[in-house]
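# What the coordinates show
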Amino acid sequence: MEEPAQLAGVLQAFMARAGKTAGQLSQQAEVPKATIVNWQKGRVQRPRVWQDLLKVAGALLLEAPDTNTLLEAAGHSRLPELVPKARSAQDRALFARWLGSSPVDGPFDPDTDRLLAAQAQFASLPTARVPPARPLPRGSCMPLLRNPLFVGREEDLLAIAKALAGTATRRPGRLPAVAVMGLGGLGKTQLAAEFVQCYGQFFVGGVFWLNFADASTVPLEIASCGAKTGMQLQPEWEALTLDQRLQQVLRSWQSPLPRLLVFDNCEDEALFAQWRPPLGGCCVLLTSRRSSWNPVLGVRVVAPDVLPRGASVTLLKRYQAVASAEEVALDRIAAEVGDLPLALHLAGTYLARYRHAVTAAAYAGQLGAWQLQHPSLQVQTVSPTGQPQGLARSFAVSYEQLYGPTVVDRLARNLLAAAGYCAPDEAIPRVLLRGIVEQSAGREGATALLEGGLQRLLALGLVSRTAEGGLRMHRLIGEFVQQQDRGQVALPVAEQALVMVLDAANEAGDIGQGQALYSHLRFMLAKAGERQDARATDLHRVLGHFLWLHGEYPAAEAELEVALAMGRALLDYDPVTLAGCLTVLGLTFQLQSRLAPARPAFEQALATWEQLLGPEHEFTDAAHNNLGYLLMLQGDYAGAQQHFETALAFLRKTKGIGHVYTSRLINNLGYLFLRQGRYTRARRYLQLALCIRRQLLPRAHLSTATTISILGETHYLQADYSAAWACHTEALSMRLALLGEAHHDVADSWSNMGRVLQAQGDIGGAQRYLEQARASLLASVGRLHRDTAFTLTAYGTLLRTMGDYAGAAESLTLALEAWNYQGGADYAEAVPTLNELALVCAGQGQPERALALADQARVIAGEKLGATHPDMGTSLYTLGLLLAERGEREAAQRHFVEALRIFEERLGEQHPLTRAAERKAHATSLTEELIPK
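No experiment lies behind these values; they were computed from the predicted model shown.

Moving on, we come to the packing of aromatic side chains. This structure, assessed with the given rule, holds 19 aromatic pairs. The interplanar angle of 50° and the centroid separation of 5.5 Å between the aromatic rings of F208 and W253 together place this pair among those described as tilted. Here W253 lies in the loop between α13 (242-252) and β3 (259-264) and F208 lies in strand β2 (residues 207-211), a separation of 45 residues in the sequence. When its relative accessible area of 0% is taken as the criterion, F208 is described as buried. Given the relative accessible area of 0%, W253 is considered buried. Arranged with centres 5.9 Å apart and planes meeting at 55°, the rings of Y716 and Y721 form a pair that is tilted. Accessibility expressed as a relative area gives 19% for Y716, which makes it buried. Linked through ring pairs, F212, F263, F272 and W293 together constitute an aromatic cluster. Against the face of W293 rests R290, its NZ or CZ located 5.6 Å from the ring centre. Directly above the aromatic system of Y403 lies the positively charged group of R413, at a separation of 4.3 Å from the ring centroid.

Moving on to the environment of G338. Following the sequence through the fold, G338 ends up in the loop between α16 (327-336) and α17 (341-353). G338 gets classed as buried once you look at its relative accessible area, which sits at 6%. Taking the C-alpha atoms as reference points, G338 and R309, separated by 29 residues in sequence, lie 9.0 Å from one another. Not counting the four nearest positions on each side in its chain, G338 is found in contact with V306, H474 and R475.

What follows covers the nonpolar core. In a soluble, globular protein the nonpolar side chains are often hidden away together inside. Counting residues in hydrophobic clusters, the biggest one holds 198 residues, and the most contacted among them are I333, Y363, L391, F395 and L416. The contact partners of Y363, leaving out residues within four places of it in the chain, are I333, A347, Y350, L351, V358, H374, S376 and L377. Core analysis: the next-biggest nonpolar cluster, separate from the first, contains 33 residues, L54, A59, A73 and L79 among them.

Cut-offs and rules
Residues numbered from 1 in each chain as written. Predicted model: local features only at pLDDT ≥ 70, side-chain atom pairs only at ≥ 80, totals over all residues. Heavy atoms only, no water. Phe/Tyr/Trp six-rings, centres within 6.5 Å; stacked < 30°, edge-to-face > 60°. Helix = DSSP H or I, 4+ residues; strand = E, 2+ residues; numbered from the N terminus. Buried < 20%, exposed > 50% of the residue type's maximum accessible area, 1.4 Å probe, protein only. Lys NZ or Arg CZ within 6 Å of the ring centre and 35° of its normal. Contact = heavy atoms within 4.5 Å. Core = buried A, V, L, I, M, F, W, Y, C linked by side-chain atoms within 4.5 Å.

Okay, structure coming up:
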């Protein structure tokens, strides 16, 4: 590509990005407009005046890398090489944007041109791609050689570069400090050493590596930087006292010449503040286990993670210990050591040493069984940084500092030990950490104690903090602290805290919090193994409750059965808690539509709580609610209402109307009234329950979604289809967010939406929703579940209206089988299904069977629902249609009139069913086709 086109293209791109025209740029840069246009059009091949290029770059607000691009496109040198050409003060002022306002002369500046060129070199620090390693500037003190095995840290190197670059060159005063933070064995020193090898070339004043592990040796480390092997500050350097040498080095570091100081293993804020140059051009790079620094110090933190898995495998391969065919085994090894660089180094060294005796696959199996106890991870070996240490010793350096005399040290040690029994490498939520503190030190002041303990652990690099305020612990750290505790003290604390927190989350229906704790629960249960004590019982119990909330009913049932068996076998297990476990098991039966075994579970729990806690206790109240709901599903509406009202009276007296528990009873009474066909009253109760739940519960909550869904059904039955659609779409949104697409509650919402669309005449939309709901329910809860029966009925109704009588009959027959499984041949909820199947049989030319089915629906409705229930009206209306089709005008007329009376009383004069019954009752000609196709 020709140079004019290159300059033109680069300049046009920068102008477009800045949104500037040639005229605007001319005014701001004080460069003739014609000159800029000639560059833009490619008419000038190589501008002679580099000063004009810098003026334009300044007006476009270009940073150093983009300015270098513009200069090179114009055939000129980059900023570092261009600085010495600036002989006048006016020319040097053009570089101010990129070189800052640091003084250009003074006692420490022997060469102004060299200083400006050095600052320009630092200003061009690459932040988009790691540069290749180059020899360090003259005078540098770097004791570590480059590690040929270094892999996988490009993003971290760039993060350090960006943190050091920033806006430092345009701001007077000292340059930034960056801390590479992380636990022992993470490779912080190795990362800093690699940064020095690649980026040290941009610090013309030199790179100086200092070991800050021992505060007493720091002065000697600094003073040695001025010797002949370093900056060569004086010919007679060895004749000076230590203090004289120290002061000369510190004074030279306060010049504006860019230098890089590396404070390796700097854990003490006071030590860092003491030796950091107060001004000048020194950038400071620290390696530290400390994750938080006093904001006054202005330290920016870069927190590298463990190696990516691919880099871990590559690192193991570089030890030349295994064949490439064993890559799967190397992956297992990396997983066992959690991709921790020091552990990978120890593993790779072991594989290389025993390559003729131990395969990678065999070693992976040994690590899985032995973990931190394996000899390969215990050995004291020389690391690439020259520091002899084993893995356990690396952790112990920090851990032993927790045996201090303070309360915070003791609490931090207890917190770490209990957290060690949580799932490795998983975020430990703050709520669980607080539970551990409460178990260890009591509830009083738990928040402050927790933060103090966390800060101590973070300062020692034993854990890392998550974005949500919790912590994460590496799997090998967890193994290490478990070895210190041996399950004696911290394990009971961890298990009891987890059970306490999960009990609260389960009771509140907080699925999100439960999900965050699930991996830790599974891990602790695996650790519990075959234990048969109260803590193991509680772990199974809370897991069963959690699985029930998630709709995993068979798995929940299995866990709850285990908990009940273990609890009953223990003489000292709390019978109140055991009754709670029995209650959740009953709910599990109920939600699997197994109502028969659910009833004795609820009745036994109620009897236990009444005996031990008394009739006026919130647990007893909950038992009344559960038993009432079950009786409602079984069609015993009078018994259900009695239990609900008993519980509600107690709650209104003790909790008040504005309480979550009260809202549950109000919601259930609303649902009971809906099932009784008292829709107006049902709507009032449901709206009140919804108001309370919206105020007290999180925005998206399963209980709220349930109330909204039932309210939507009420609107649907009252033919307010727009309100019904709004309710069902809102309920669906909550359920999807909380449960995912596979849950049966989500399918229930799809089914409800399909029925609304059908009522509005959108047959295609109704079919899509109903088929989606049917497939999901059959896959998740099976064909005998009550939600499946509802959806099969709705789908059969849809198919009948589409003229597909065979498909409708199949769907409705399956629904009827489900209802028979639920409550027997006379189950009240089967009435709509029977009526629909009767119409299908009539359409298939089976009038006698149609009449039998409709009459069966009428009898069940009368016995189970009452003479004025809307379903009774629908049964009479269906019979009227069938009788009219047979030519029995008077009998049909009587049924239509009776249906009309029920619909007017329960649904109102404007309801579609009322108007349909009125039309049929006043029909004068029975020759019309009365059964809709």
